[in-house]
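Examining the three-dimensional arrangement
In case you want the letters, here they are:
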Amino acid sequence: MPLLSGSSPESSSAANSEQTPAQQIESLRQQLNEHNYRYYVQDAPSIPDAEYDRLMRQLQGLEEAHPELQSPDSPSQRVGAMPLSAFSQITHSIPMLSLDNAFDDDEFNRFNQRVKERLGMDDEIEYACEPKLDGIALSIRYEKGLLVQAATRGDGTTGEDITQNVKTIGSVPLRLTANDASGELPEVLEVRGEVYMPKAGFEKLNKAAAEAGEKVFVNPRNAAAGSLRQLDSRITAKRPLEFCAYSVGEVSDGFMPEHHSEVLQKLSGLGFRLNPELKVVTGVQGCLDYYRDLGERRDQLAFEIDGIVFKTNRLDLQAELGFVSRAPRWAIAYKFPAQEEMTLLKDVEFQVGRTGAITPVARLEPVYVGGVTVSNATLHNADEVARLGVKIGDTVIVRRAGDVIPQIVSVVAEKRPDDARDVLFPAACPVCGSETERAEGEAVVRCSGGLVCAAQRKEGIKHFAARKALDVDGLGDKLVEILVDQGLVNSLTDLFHLKVEDVSALERMGPKSAQNLLDALQKAKQTTLPRFIYSLGIREVGEVTAKQLALHFCDLAAIRNATEEQLLEVPDVGPIVAHHIVTFFRQPHNLETLDALLAEGIEWPAIEARPPAEELPLAGQTLVLTGTLNQLKRNDAKAALEELGAKVSGSVSKKTHLVIAGEAAGSKLTKAQELGIEVTDEEGLLALLREHGKL
Ligand code: IVH
């Protein structure tokens, strides 16, 4: 039996050609199922993706050559089937319920009170706590262990048959495994749970869609729903979907244990993925502690959640409590503050930034979202306005997650009024009236006024005085605005010529605070080279780049005279940044300002030249950073490692010395393990940086 072309017969795991096709197929299916389970359910892959693909192609080839050996639970089913013309409707054997909500501690307390009163119990209730995944509810039916049907919740009574699509989801077993002591599989088992798209997969999918000029999804939930609604399951197969089980529907007699948490453990034993954050607690305080803890970690989780589901853990108590209309009395969803809300876009105003960039800012009807009241959101630039297709008067969806600034994610098209107005970028700068321009290939519209423009002057001065720059104590944004508006400061050097009597005459200033400001300005003259470079406000030169420039060139004159080629040798500097730096130092007015500032007496301690590259502690070492770092920004970590002489590469090869695997590291980690390369985690990285004085 010839093997499929492209397969490598020397690999030990490949099908053995001395076996019958049926045996080869069986062996490949077993291997693929095992790898699938490790990858999707246990998050612990043991072979690289390419190897998995190779085994899959081999199985597909054999199944094509032997159609009589096809099977509905073959892992080859996961790549998708021929498109359907429509989904058929199915009726759930046991309705899929929804949950009552609580929105504050009082409401949660009242739920607990109701439970206790109905049960006539004084003792504290035991609750199973589960993150409320923000995805799509699913019921998957197994008969004699084989997946026979998967359906959406629909209206709770009838849903859509999306079996073909669900079979493509790696964390859904096509056949149950009997991992518990009894070794038995239930005759019928309906597993219920949530299909969702992890945040990382969502970002990647949207990035690829944006690059291909396709429509992006507004959030992971929509992306999951859209992926499941595909009539062509081969498309679903390419989407990063996951399934987590959280309950059961119809089950054969004898399956149910005494506690809900044990039901979930049984499901895990049968091959399902459970949410990693599950916990059983006692009483209201236990529930509230869990709610707060996860609420604080919500933004760091790999998946989106919109609250916590609390379920009485004892199943006999669940039965006693029963249901009211469509929701159980024994469970509640305690929601987190919504991260997305609808509101009205009242107007769009334009702000001018330090580099003249004109940013459209949405003025919104105030709305409570993500735990704060939001009345403004950035619209970024002209491309973003075009992408959203937003008009003034539209109803928009605003999102605020964690500390991230509020964003407009989409427009509610149905709610557009007839008199909605286009967002028009001004032809003249709203602050100084100079012409605006949009360079070719750039999304940003800019004011051409330079330092003529008060807005740019103000922003430049704010930046110069900011904490990460010259750190002028007491010179906040508001005071800069006043100083410029009053004509007391027109340039950076004017700051150093301020007089006590001028400053003390300003609103909310007195002689004492005026003198303090002048003292702070004098003090700020003693700075460091990285701070001074940063303070100049060169486009795209942030703190990290400023520091790299200072360390590389050691003095300002060298940076000032550097060519683009020389700048490219600096870690963290690419062609665009190099171009901005050279352009900055070519402008006569910038050079004049620079000289004037130095003449004011701004100075810094000399930077010692770095030891030759080969003497750095990590000289000659090639490192790879993969996965998510929680405590360090990836760029900062990279820069620090490079300062120690390491080369930080994007891919793992035999030449790699060390792989630093953050959270949810994937194929690079697998490859490193395969090649026997040393691997460490974020803690290991922090220890390494600490050891060499970089933290
Ligand atoms: S239990 C009888 N548990 O929330 C209980 N639901 O409004 C039925 N959901 O449609 C649901 N995570 O899609 C349950 N751990 C969880 C859940 C969960 C998310 C969703 C589910 C359901 C909706 C209820």
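Structural notes, computed from the coordinates. (Residues numbered from 1 in each chain as written. Predicted model: local features only at pLDDT ≥ 70, side-chain atom pairs only at ≥ 80, totals over all residues. Heavy atoms only, no water.)

A word on the overall build of the chain
Counted only if it meets this: The helix and strand labels rest on DSSP assignments: H or I over at least four residues marks a helix, E over at least two residues marks a strand, and numbering proceeds from the N terminus. Each residue is placed in one exposure class: buried if its accessible area under a 1.4 Å probe, protein chains only, is under 20% of its type's maximum, exposed if it is over 50%, and partly exposed if it falls in between. With residues, only the protein chains shown are counted as cover, and all accessible areas are computed by Shrake-Rupley using a 1.4 Å probe.
Counting its secondary structure elements, the chain contains 24 helices and 26 strands. Principal-axis analysis of the C-alpha atoms gives the chain an extent of 90 × 65 × 55 Å. Burial status across the chain gives 47% buried among its 695 residues. Carbon and sulfur atoms form 49% of the exposed surface of the chain, whose accessible area is close to 34300 Å².

Quick notes on the nonpolar core
Most often, soluble globular proteins keep nonpolar side chains buried together rather than apart. To keep things clear, this is the line we draw: The term nonpolar core refers to a set of buried residues drawn from Ala, Val, Leu, Ile, Met, Phe, Trp, Tyr and Cys, joined through side-chain atoms within 4.5 Å.
Counting residues in each nonpolar core, the largest one holds 51 residues, and the members touching the most others are Val472, Leu475, Leu498, Leu517, Ile533, Leu549 and Leu567. Contributions of two or more residues to this core are made by helix H12 (454-465), helix H13 (477-485), helix H15 (511-524), helix H16 (529-535), helix H17 (543-553), helix H18 (556-561), helix H20 (575-586) and helix H21 (588-599). Val166, Ile169, Leu189 and Phe243 belong to the second largest nonpolar core, which has 35 residues in total.

With respect to the packing of H17 against helix H22 (residues 634-643)
Cut-off, in case you're wondering: Lines fitted to C-alpha atoms define the axes here, with helix axes fitted over just the stretch in contact, and angles between the N-to-C directions of these axes take values from 0 to 180 degrees. To sort the angles, those under 35 degrees are grouped as roughly parallel, those over 145 as roughly antiparallel, those from 65 to 115 as roughly perpendicular, and the leftovers as oblique. What makes two residues a contact is simply this: any of their non-hydrogen atoms within 4.5 Å. In this classification, Asp, Glu, Lys and Arg are treated as charged, Ala, Val, Leu, Ile, Met, Phe, Trp, Tyr, Cys and Pro as nonpolar, and every other residue, Gly included, as polar.
Put simply, H17 and H22 touch, their axes get as near as 11 Å, and they point 10 degrees apart. Here H17 is positioned roughly parallel relative to H22, judged by the angle of their axes. Two secondary-structure elements touch here, H17 through Val544, Lys547, Gln548 and Leu551 and H22 through Asp636, Ala639 and Glu643. Here the residues of the contact of H17 with H22 sort into three nonpolar, one polar and three charged.

A look at the site of the ligand
Quick note on the threshold: A cutoff of 4 Å decides nearness: a residue is near a molecule or strand if any of its heavy atoms lies inside that distance of it. Polar contact is defined as a pair of N or O atoms within 3.5 Å, subject to the rule that within protein one atom must be able to donate a hydrogen and the other to accept it, and that residues adjacent in sequence are counted only when both atoms are side-chain atoms.
In the vicinity of the ligand, 14 residues are found, and the nearest of them are Glu130, Ala137, Glu194, Tyr246 and Lys311. Here Lys132 contributes a side-chain N or O atom positioned 3.3 Å from an oxygen atom of the ligand. Here an oxygen atom of the ligand and a side-chain polar atom of Glu194 are 2.5 Å apart. Burial of the ligand by the surrounding chains reaches 87%, relative to a free accessible area of 520 Å². Examining the composition of the shell around the ligand, we find that four residues originate from one element, strand E3 (residues 126-133), more than from any other. Of the residues assigned to the shell around the ligand, the class counts are nine nonpolar, no polar and five charged.

Focus: the pairing of strand E15 (residues 357-369)
Keep this limit in mind: What makes two strands pair is DSSP finding at least two bridges between them.
Inspection of the sheet shows strand E14 (residues 340-352) paired to E15 by seven bridges, in the antiparallel sense. By the bridge assignment, Phe350 is partnered in E15 with Pro360. From the end of E14 to the start of E15, which pair antiparallel, there are four residues, and Gly356 there has a positive phi angle of about 85 degrees. For E15 and strand E22 (residues 445-447), the ladder comprises two bridges, and the chain directions are antiparallel. The residue bridging Ala357 from the neighbouring strand is Arg446, located in E22. The sheet contact formed by E15 and strand E16 (residues 372-378) spans six bridges and is antiparallel. Residue pairing for E16: Tyr368 is matched across the bridge by Thr373. Turn length for the E15-E16 hairpin, with the two strands adjacent in sequence and antiparallel, is two residues, and the turn residue Gly370 shows positive phi of about 60 degrees.

Quick notes on unusual backbone geometry
One non-glycine residue, His380, lies in the positive phi region at around 65 degrees. Tracing the backbone through its elements, the reader meets His380 in the loop between E16 and helix H11 (382-388). Look at Asp572: it is not a glycine, yet its phi comes out positive at around 80 degrees. Assignment of secondary structure puts Asp572 in the loop between helix H19 (564-568) and H20. In this structure Asp572 comes out as partly exposed when scored by relative accessible area, which is 30%.

Let's talk about the sheet that holds strand E8 (residues 242-251)
An order of E5-E4-E7-E8 is seen for the four strands of this open sheet, with the pairing classed as antiparallel. Single-partner strands in this sheet number two, and they are strand E5 (146-152) and E8. Between one strand axis and the next, the sheet turns by 30 degrees as a mean value, whatever way the strands run. As defined by bridge partners, strand E7 (residues 188-196) adjoins E8 across seven bridges and the pair is classed as antiparallel. Following the sheet pairing, Val191 is matched in E8 by Val248. Strand contacts of helix H6 (residues 220-228): strand E4 (136-143) and E7, with the helix running at about 40 degrees to E4, the strand carrying the most contacts. Packing of helix H8 (residues 260-269) onto the sheet brings it into contact with E7 and E8, and relative to E8 it is tilted by some 115 degrees.

Digging into the sheet that holds strand E23 (residues 622-626)
Sheet architecture is open: four strands sit in the order E24-E23-E25-E26, paired in parallel fashion. Each of the sheet's edge strands pairs with one partner strand only, and the pair in question is strand E24 (647-649) and strand E26 (678-680). Looking at each pair of strands side by side, their axes are set apart by 30 degrees on average, direction ignored. The strands touched by H22 within the sheet are E23, E24 and strand E25 (658-661), with E23 carrying the most contacts at an inclination of about 170 degrees.

Brief notes about the pattern of salt bridges
For the record, the criterion: When a carboxyl oxygen of Asp or Glu lies within 4 Å of a side-chain nitrogen of Lys or Arg, that pair is called a salt bridge.
Within the structure shown, the criterion is met by 36 salt bridges. Of the charged contacts in the structure, one is a salt bridge between Arg38 and Glu34, with a shortest N-O distance of 3.1 Å. Of this pair, Arg38 and Glu34 both sit in helix H1 (residues 21-41), four residues apart, which is roughly one turn of that helix. Its relative accessible area of 41% is what places Glu34 among the partly exposed residues.

Remarks on the packing of aromatic side chains
The cut-off we apply is this: Side-chain rings of Phe, Tyr and Trp (the six-membered ring for Trp) are treated as a pair once their centres are within 6.5 Å; stacked means planes under 30 degrees apart, edge-to-face means over 60, and tilted covers the remaining angles. Here, a charge over a ring means that NZ of Lys or CZ of Arg falls within 6 Å of the ring centre while also lying within 35 degrees of the ring normal.
Inspection of every chain in the model, using the stated rule, returns 17 aromatic pairs. Their ring planes at 45 degrees and their centres at 5.8 Å tell us that Phe108 and Phe111 sit as a pair that is tilted. In this pair, Phe108 and Phe111 both sit in helix H3 (residues 105-119), three residues apart, roughly one turn of the helix. Pair check on accessibility: Phe108 and Phe111 agree, each one buried. An aromatic cluster of at least three residues, connected via ring pairs, comprises Phe108, Phe111, Tyr127, Tyr290, Tyr291, Phe310, Tyr334 and Phe336. Across the ring face of Phe255, the terminal group of Lys266 is positioned such that the distance to the ring centre comes to 4.5 Å.

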